[in-house]
Amino acid sequence: MVLTAHNKLIDTSGPPPKGGSLFFDPGRRRPGRQNNIESMATYYNEHTVLWLDGRFQKAAETKTDLYGQSLHYGYAVFEGIRSYRTAAGSTRIFKAWEHFERLRRSAEALNMPYRYSTKEMIGASYEVLERNKLQDAYIRPVVYGPANMSFNPNTESFTVIEAWEMAPFLGEKLLRVMTSSFQRPNPKAFRIEAKAAGHYVNSIMASHEAKGKGFDEALLTDMNGYIAEGPGANMFFEKDGRLYTPATGNILPGITRATVLEICKEEGIPVEEGRYTPEDLRTADAAFFCGTAAEVIGWKSVDAYEFPLPWQETRGRRIQLAYKDKVIEQQRTLSTI
Ligand code: PMP
């Protein structure tokens, strides 16, 4: 008998079923490797500890269900959060409250049972960081469903918190962006404001297409052809000293996007939210992506159009520096340009 991650006793005394074991056991594979040559991030090793429904346990020894509704149908919700070593040396999860509140709203939007308070989740995340001796880290909570091949609602769900070190998601060089042939999901087809696992098939397809054509990242439009967002980040563009960003409604309303709007207010940078076309972008001075994983990263070009304003002279660069200061709780004066 073994105790599974879901606290169920399973009889393992007989021979394993044809075609493999009952559970995907990450410990048996090369632990924690991403199959992406560019960024061979190690997500976990034999010492890594995760939090699963109130218990701290070894990631390599944790099993999950191959009959799970989340694996089969992409029916799960998650968050992407970063922690930083602050200027004073402590560990701080940036916008922890906002992220775990969004996780709750995402679970509710998908009718998933979710039983933790935001306070509990923040506490558990800090403990995951501490147990893994992490300060600058990426934190990934996931709420997922049990074995269920039907489309009926579940009465239970599982919640895991994982953490690992992760470099800026889109690198640190200016990006060559391609307008994707994929559009963002229609909000009438999905709860677009929720961070649902299944939405990311769209993101992965768009990113594959862009990279396959030699670009760094994709820009997706919404179902009406207006600029929407990247596969995993929101975007802003700059024209004549003013910033523009797609309005909410057809995008994931990013927490970093909200932070950028906050910085614009603090720094007196004029900014507008609205509906913009790819043509608007082709007459812009500069542009950038922003997201928790990507942070703030400038664009070199979109399709064949190269942005004329040097990145160092853009509002985006100012915001990038202000964002860096904010996440490490550094006094703004030190890096003001
Ligand atoms: N849009 C999409 C599609 C994303 O996946 C993300 C990353 N969560 C963002 C925008 C940025 O959101 P946030 O700033 O909250 O990380």
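Residues numbered from 1 in each chain as written. Predicted model: local features only at pLDDT ≥ 70, side-chain atom pairs only at ≥ 80, totals over all residues.

Asker: Explain helix α2 (residues 96-109) residue by residue, including any values.
Answerer: Between its first and last C-alpha, α2 extends 20 Å over 14 residues, near the 20 Å set by a 1.5 Å rise per residue. Among the residues making up α2, those that are buried are Ala 96, His 99, Phe 100, Arg 102, Leu 103, Ser 106 and Ala 107. Here the buried residues of α2 occupy an arc of 150° about the axis, which is enough to place them on one side. Considering only its buried residues, α2 is in contact with β7 (76-78), β8 (81-85), β9 (91-93), α3 (118-131), β10 (137-144) and α5 (255-267). (Helix = DSSP H or I, 4+ residues; strand = E, 2+ residues; numbered from the N terminus. Expected span 1.5 Å × (residues − 1). Buried ≥ 20, exposed ≤ 12 C-beta atoms within 10 Å, placed from the backbone. Arc of directions from axis to C-beta. Contact = placed C-beta atoms within 7 Å.)

Asker: Which residues make up the pairing of strand β13 (residues 217-221), and what are the values?
Answerer: Along β13, 5 of the 5 residues are buried, which leaves the element largely enclosed by surrounding structure. Because side chains alternate across β13, one face comprises the buried residues Glu 217, Leu 219 and Thr 221, and the other comprises Ala 218 and Leu 220, equally buried. A crossover connection joins strand β12 (residues 175-183) to the parallel β13 through helix α4 (residues 200-212); in handedness this β-α-β unit is right-handed. A loop of 5 residues connects β13 with strand β14 (residues 227-229), the two strands running antiparallel in sequence, and Gly 225 in this loop sits at a positive phi of about 90°. (Right-handed = clockwise from strand over helix to strand, strands pointing away. Pairing = 2+ DSSP bridges.)

Asker: Explain the packing of α5 against helix α7 (residues 315-327) to me, and be specific about the residues and the numbers.
Answerer: Where α5 meets α7, the axes come as close as 10 Å, and the angle between the chain directions of the two elements is 105°. Taken together, the axes of α5 and α7 lie roughly perpendicular to each other. Contacts between α5 and α7 involve Thr 259, Val 260, Ile 263 and Glu 267 from the former and Arg 318, Ile 319, Ala 322, Tyr 323 and Lys 326 from the latter. Looking at the contact of α5 with α7 residue by residue, the class counts come to 5 nonpolar, 1 polar and 3 charged. (Axes fitted to C-alpha atoms, helices over the stretch in contact; angles between N-to-C directions. Parallel < 35°, antiparallel > 145°, perpendicular 65-115°, else oblique. Nonpolar A, V, L, I, M, F, W, Y, C, P; charged D, E, K, R; others polar.)

Asker: Talk me through the nonpolar core; I want residue IDs and the actual numbers.
Answerer: Core analysis: the largest hydrophobic core is formed by 42 residues, its most contacted members being Phe 236, Ala 287, Phe 288 and Phe 289. In terms of residue count, strand β18 (residues 286-291) provides more of this core than any other element does, 5 residues in total. Contact partners of Phe 289, with chain neighbours within four places excluded, come to Leu 170, Leu 175, Gly 230, Ala 233, Met 235, Ala 294 and Ile 297. Counting residues in hydrophobic clusters, the runner-up holds 29 residues, among them Tyr 44, Phe 100, Leu 110 and Ala 124. (Core = buried A, V, L, I, M, F, W, Y, C linked by C-beta atoms within 7 Å.)

Asker: Quick one: what's the story with the site of the ligand, residue by residue and with numbers?
Answerer: The full set close to the ligand counts 14 residues, and Gly 254, Ile 255, Thr 256, Gly 291 and Thr 292 are the nearest of them. Considering every element that reaches the shell around the ligand, the biggest residue donor is α5, with 3 residues. When its residues are assigned to classes, the shell around the ligand shows 3 nonpolar, 8 polar and 3 charged. (Near = placed C-beta within 6 Å.)

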